[in-house]
Structure formats: structure tokens, C-alpha cells
Amino acid sequence: MRLYSTLSKKLEELSPSDGTVRMYVCGPTVYDLIHIGNARPFIVFDALRRVLEAQGLRVIHVQNVTDVDDKIIRRAQEEGRDPAELALHYTQEYFADLERLGVRPPTYSPPATAFIPKMVEFIQGLLKKGHAYVVDGDVYFSVRTYPGYGELSGRTVEEQLAGARVEVDERKRDPLDFALWKGAKPGEPHWPSPWGPGRPGWHTECVVMSLYLLGETLDIHAGGNDLVFPHHENERAQAESLTGKTFVKIWLHNGMLTVRGEKMAKSLGNFYYARDVVRLFGTEAVRYFYLSRHWRKPLDFSFEALEEAKAAVGRVYNFLAEAGRVPGEAQPQDPGFAAYLADAEQRFWAELEDDFNTPGALAVLQDVIGEAYKRGDPGALRMAGDKVRCLARPLGLFQGEGSAAELGKLSEELLDLIVDLRAQLRQERNFALADKIREKLASLGVELRDGPEGTRWILRS
RNA sequence: GGCGGCGUAGCCAAGCGGUUAAGGCGAGGGACUGCAAAUCCCUUAUUCCCCGGUUCGAAUCCGGGCGCCGCCUCCA
């Protein structure tokens, strides 16, 4: 698979030598529920992981949980809660939300607080090598000691100084230097260190966990493009300063979710909690919404857009329900149809191979559906249904039942009975009552379809 | 101000040097139906923000505009 890397600004071939992809995705800071914008990288990179696995690769997917940082401390103080308790609470909610979003749990979800001794060790290593310095209880990274600084975000050290909008802490040797360790202020959570009680800086948390769990060189490091600078730039500087090796082979940065063109952000107040959106539109509509736009581009959120995604998902399930009614042994009449499907399958994978083009891949699926309908052939329908289900699996889409299988035998027979009775009413031209039955059943999620060969029923979600 | 990205039909969205410019949503017309639903057929971009240039050939490359957005501070 070729993926566009932020560092090289080119498509890079993902080719792990040992068949194992080491992938680190920046996870949430657990001071609140995640909003639907936060969910984009989780959904997209989970889908990427599944696709890679479907191609026979092993993926170690690490997605951290930042459970100590300024925002958590501030929020805890505002609410009069214990920071650790608050973080634990939102950690649990985060996992619950991942499930709602249909995101598989990452291979590892390390909480930062579990790695603090490792972080202290790491900072000591940087100090020993002369890349860091201590200023009364704080430790700073010395940016000037790492020549590659700025390569990832594409800005030179000078450019950054020119554009600096932050007040410079005069205790730092250089305005660009950033904190590796923050000495604890009164009332803040703290851990012991050679420089006094304190806690690690955010950038240090992520590098240490990624290096410790995945080794010195990762295949993929991913996150939102708002993390390129300073977060990922700083991670890279620390890691490569210490190990002297390439930290990450491919940097992936997803585009932002916007609202009316503006980034969705807690600070702007223009956000919706992920769980609320899922409740309103369903897991699959949310996933489809994300996957129908290329992962690197900005994506505009609106209820209309989600409705549209829901309609598109509904069309696929309609198709799957129709295909599911055909007996498994039915064969397509057109012998060329199997070849068409084989070609579609190739196109599907080719789209994903090319910078994980999920919109392109989804379009192939829709094309298969249209083509199968057009044949008007039960065998083709059946075969296409199986193919669509199979291909959509690594995207985490269209695996639901959506058919009679969920119902027990009794319910099926009851439904058949009702349909029979209604057929008699229709024969007697008692359409008023027949329609009433149809409406009532519809409101229960059972849809009736009258055709020349009788009435069929279909379950709708 | 610096760095980066985006602008394709009513809407969403692929395409990134030669295709009839994918696909979805929506809309209109037709078939099917007692009426529906679902489905099928047809229609809905001679054109890709604008202006130049390169090329036999450009939505795709180059230059210049215009508009929108992101990062430069915590941020997925």
C-alpha cells in the first residue's frame, strides 16, 4: 500500500520487512467525552488497520490515553474532583464510545501514568546526551541540538521564531525549547524524579510509549493534522536525538472535521459528542460518512450530510436484504458476471492500495450493487451480495444482519400469517385495513413489499 | 506575517497529463403497484474558481489572481 507521508510529502510504500506494521495513533486526552471530530482518526486508522490485516499483515496498533495533563488538572479543579478519578472516568467513557463507533480496541491503549518511570529514564537519557537541561525542577529539550527540527512541519527554526506568538519563558535557553518534565505546582498530581516531584510533558508521554511498545522505528505514526506542530515535531526531535535512528517511516495526518468550514473544536463550542451523533444516525452512517471522504481532506459536518450517509447505507442494506433472500446455490445466468465481480474486487483493492482511497473503494461497492440490480437476476444478486459483504468487512461496514436471521422461527411464522391475512383483505379490496396493517408493521420495522409473486417482508433497522 | 492545504453538477465526492469527467444523495419523467415501498430505464457537469502559459493533448503540470480553511498556543 502506498500512503502519503507528511514528512516526505510523497506517497511512500508501506513495506514492513517482517510482515508486522507498527502503528501509533495519538489517542484522546481524557478530560471530557470525545466529540465527533475527535473520532475521525480513530475510525479512519482503525479501518486502515483492518484493511492491512485483511491483506495478511500483522498490525500492532498502539493508541495512547493521555491521563495526566494541564486540561485534566484544570477540569478536575473546576469540578472539585480528583484528577486521577476524573481521568479514569473519561477513559472508560472513551472505550465505550469507541465501541459505539464500531472501532476495534487498539492492540494496546497505554495510559501515560503507567509509564512515568520510563519517561523519567528517557529524559535522563536526553540529559546525558546533552539534548536537555534542567531549570529549577523543570527539564527542557534543547531544540537547537537536533538539526532536523522543523522538517516534519516544513518550517525552519528561523521561520518559527519570526511567527512566534507565545510569550517567551525567559528561563528557557531558546524560545523554541519545550518542557520534557514539569515540576509540580501545589495541589497538582506529581511523581518522583531526580529533578523533584512533577509530571512529564505531553510530547514526552507519546514518544516514550511509542518507543517502548513499538521499538525505535515505527512504520506509521498517525493523528490529526493539528498535531503536526508542535506535538509530532517535538516527538520526532526527542526520539531521534536519543536513538539516532529514524523514528517514523510514514507520518499520516488526517484532515479536520469542520462545521460550516471551521474546525470542530471544544474551544470553539461548535461540537457534538460522538455518542450523540451515533445515537441520532447510527454507527454505520457515521463510519460511512467518514470513509466517503478521503482521509487527508477536510470534511464538513452537518446533519444533512449524516442523513445522506444514512440513506446511502440504507440502500446497501436494502440490496443485502434482497440478495439474502436468494437461495445460496443460485448461480448467475450471465457467465460473465463472475468476471465482472472479480474485476470489481481488483478495483476495490486498487483504490485502497492507492493512499487508502476509501471513497473510491466505496464507489466500487455501489457500482457492484447497481450492476447486480440491473441484471435482474437472482443468482447475480446473490453473488454480488456476498461479494459486497466480504469486501466491506475490512471497512467495518455492512456486516449487520438486516434480514430475517435475527428473528426466531415463531416470529417468522407469525409474520407470514399476517401477510396471508392481509393478502385476503386485498383480494376483497379492503385496502383501508390492508394499508393499516402495512403501516403498523412499518412502524415496527417490518416493511412489506407487494409484488407480482406475492408479498414479501423485510426487516428495516 | 510565515508555513501548509482546499476550491469538480442542486448537494456530497473520486479522478492528479489522453477515460463517454467514477460513485452517492437529491430532483424530474417513465415502467411496476389498488395506492405505496423496493427496483429498473431515462434526464440532471461539452466541463472541473478565474486569467495566462507549457503540451499534439490539462480538471490534472507551471505562473499570477480570487475565495475558504488549518498550523504557528492546548487541540484528533
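The shown structure was predicted, so the numbers you read here are calculated from the model rather than taken from an experiment. (Residues numbered from 1 in each chain as written. Chains lettered and ligands numbered in written order. Predicted model: local features only at pLDDT ≥ 70, side-chain atom pairs only at ≥ 80, totals over all residues.)

Asker: Would you take a moment to explain the overall build of chain A for this structure?
Answerer: Looking only at helices and strands, chain A has 15 helices and 15 strands in total. By its C-alpha atoms, chain A is 90 × 50 × 35 Å across when sized along the principal axes. The buried share of chain A, reckoned over its 461 residues, is 40%. When contacts within chain A are restricted to residue pairs at least 6 apart in sequence, those whose partners lie at least 24 apart make up 73%. (Helix = DSSP H or I, 4+ residues; strand = E, 2+ residues; numbered from the N terminus. Buried ≥ 20, exposed ≤ 12 C-beta atoms within 10 Å, placed from the backbone. Contact = placed C-beta atoms within 7 Å.)

Asker: What exactly am I supposed to notice about the sheet that holds strand β4 (residues 58-63) here?
Answerer: The strands that make up a sheet pair up through hydrogen bonds in the backbone, lying either parallel or antiparallel. Within the open sheet, the four strands sit side by side as β4-β3-β9-β10. Their pairing is parallel. In the strand order of this sheet, the two ends are held by β4 and β10 (248-254), each with one partner. Neighbour-to-neighbour, the strand axes of this sheet turn through a mean angle of 20°, independent of strand direction. Bridge count for strand β3 (residues 20-25) against strand β9 (residues 218-224) is three bridges, and the pairing is parallel. (Pairing = 2+ DSSP bridges. Axes fitted to C-alpha atoms, helices over the stretch in contact; angles between N-to-C directions.)

Asker: Whenever I open this one, the packing of helix α8 (residues 274-281) against helix α9 (residues 283-291) confuses me. Can you help?
Answerer: Pairs of packed helices are described in terms of their axes, by the angle between the two and the distance that separates them. For the pair α8 and α9, the least separation of the axes is 6 Å and the interaxial angle reads 110°. The angle between the axes of α8 and α9 places the two elements in the roughly perpendicular class. On α9, the residues that touch Val277, Val278 and Phe281 of α8 are Thr283, Ala285 and Val286. (Parallel < 35°, antiparallel > 145°, perpendicular 65-115°, else oblique.)

Asker: Looking at this model, I keep getting lost on the nonpolar core. Mind explaining?
Answerer: Proteins that are soluble and globular tend to have nonpolar side chains buried together. Membership of the largest hydrophobic core comes to 118 residues, with the highest contact counts inside it found for Leu101, Ile123, Leu180, Leu365, Ala384 and Val388. The residues that make up this core include at least three from each of domain 1 (2-254) and domain 2 (300-395). If we ignore the near neighbours within four places in the chain, the residues touching Leu180 are Ile123, Leu126, Ala132, Val139, Tyr140, Phe141, Pro200, Gly201 and Thr204. (Core = buried A, V, L, I, M, F, W, Y, C linked by C-beta atoms within 7 Å. Domains from an automatic or database assignment.)

Asker: Quick question: what am I supposed to make of the sheet that holds strand β12 (residues 262-263) here?
Answerer: One open sheet accounts for three strands, arranged β12-β11-β13; its pairing is mixed. If you trace the sheet from one side to the other, it starts and ends with β12 and β13 (299-301), each paired once.

Asker: It is not clear to me how the pairing of strand β5 (residues 132-135) should be interpreted in this structure. Could you clarify?
Answerer: Looking down a regular strand, the side chains alternate between one sheet face and the other. Strand direction decides the pairing type here: β5 and strand β6 (residues 138-141), joined by four bridges, are antiparallel. By the bridge assignment for β6, Ala132 is matched with Phe141. Connecting the antiparallel pair β5 and β6 is a turn made up of two residues, with Gly137 showing a positive phi of about 85°.

Asker: It is not clear to me how unusual backbone geometry should be interpreted in this structure. Could you clarify?
Answerer: Working note: non-glycine residues mostly have negative phi, and peptide bonds are mostly trans. Following Phe229, the chain continues into Pro230 via a peptide bond in cis, with omega recorded as 0°. Inspection of the secondary structure assignment puts Pro230 in helix α7 (residues 228-243). Of note in this structure, Phe398 is not a glycine but carries a positive phi near 60°. One can find Phe398 in the loop between α13 (378-392) and α14 (409-427).

Asker: Can you help me understand the domain arrangement of chain A in this one?
Answerer: Where interface size is quoted, it is often the accessible area lost as the parts come together. What the domain assignment reports for chain A is domain 1 (2-254), domain 2 (300-395) and domain 3 (404-459). For domain 1 and domain 3, the distance between their C-alpha centres works out to 56 Å.

Asker: Which parts of the structure should I look at to understand the packing of helix α11 (residues 336-353) against α13?
Answerer: One can describe the packing of α11 onto α13 by two numbers: an axis separation of 11 Å at closest approach and a directional angle of 15°. By the angle class used here, α11 and α13 are roughly parallel. The hand of the α11/α13 crossing is right-handed. Of the residues in α13, those in contact with Phe337, Leu341, Glu345 and Phe348 of α11 are Ala380, Met383, Ala384, Lys387 and Leu391. Tallied by class, the residues present in the contact of α11 with α13 amount to seven nonpolar, no polar and two charged. (Left-handed = near helix turned anticlockwise from the far one by under 90°. Nonpolar A, V, L, I, M, F, W, Y, C, P; charged D, E, K, R; others polar.)

Asker: What am I meant to see in the pairing of strand β7 (residues 178-183) here?
Answerer: Most of β7 sits inside the fold, with five of its six residues counted as buried. As judged from the three bridges shared by β7 and strand β8 (residues 198-200), these two strands associate in the antiparallel manner. By the bridge assignment for β8, Gly183 is matched with Gly198.

Asker: Honestly, helix α4 (residues 116-128) in this entry has me stumped. Any pointers?
Answerer: An α-helix turns once per 3.6 residues; consequently, residues spaced three or four apart project the same way. For α4, which comprises 13 residues, the first-to-last C-alpha distance of 18 Å matches the rise-based estimate of 18 Å (1.5 Å per residue) to within 8%. Among the residues of α4, Met119, Val120, Phe122, Ile123 and Leu126 are the ones counted as buried. Viewed end-on, α4 has its buried residues packed into an arc of 160°, placing them on one side of the element. Facing away from the buried side of α4, by more than 90 degrees, are the exposed residues Pro117, Glu121 and Lys128. In this structure, the buried residues of α4 make contact with β5, β6, β7, β8, α6 (202-214) and α7. Positive phi shows up at Gly130, right after α4, with a value of about 80°. (Expected span 1.5 Å × (residues − 1). Arc of directions from axis to C-beta.)

Asker: Can you help me understand the confidence of the model for chain A in this one?
Answerer: Caution is warranted with low-pLDDT regions, since their predicted coordinates should not be read in detail. Taken residue by residue, chain A gives an average pLDDT of 90. The fraction at 70 or more is 95%. The least confident element of chain A, judged by mean pLDDT, is helix α5 (residues 157-163) at 62; the most confident is β4 at 97. A low-confidence stretch, residues 402-407 (pLDDT under 50), is modelled with 13 contacts involving residues beyond four sequence positions or located in other chains. The complex model carries a pTM of 0.90, and its ipTM stands at 0.92. (pLDDT = per-residue confidence, 0-100.)

Asker: Honestly, the environment of Val135 in this entry has me stumped. Any pointers?
Answerer: Positionally, Val135 belongs in strand β5. Val135 sits 48 residues away from Ala87 along the chain, and the two C-alpha atoms are 29 Å apart. Apart from the residues within four sequence positions on either side, Val135 is in contact with Tyr140 and Arg171.

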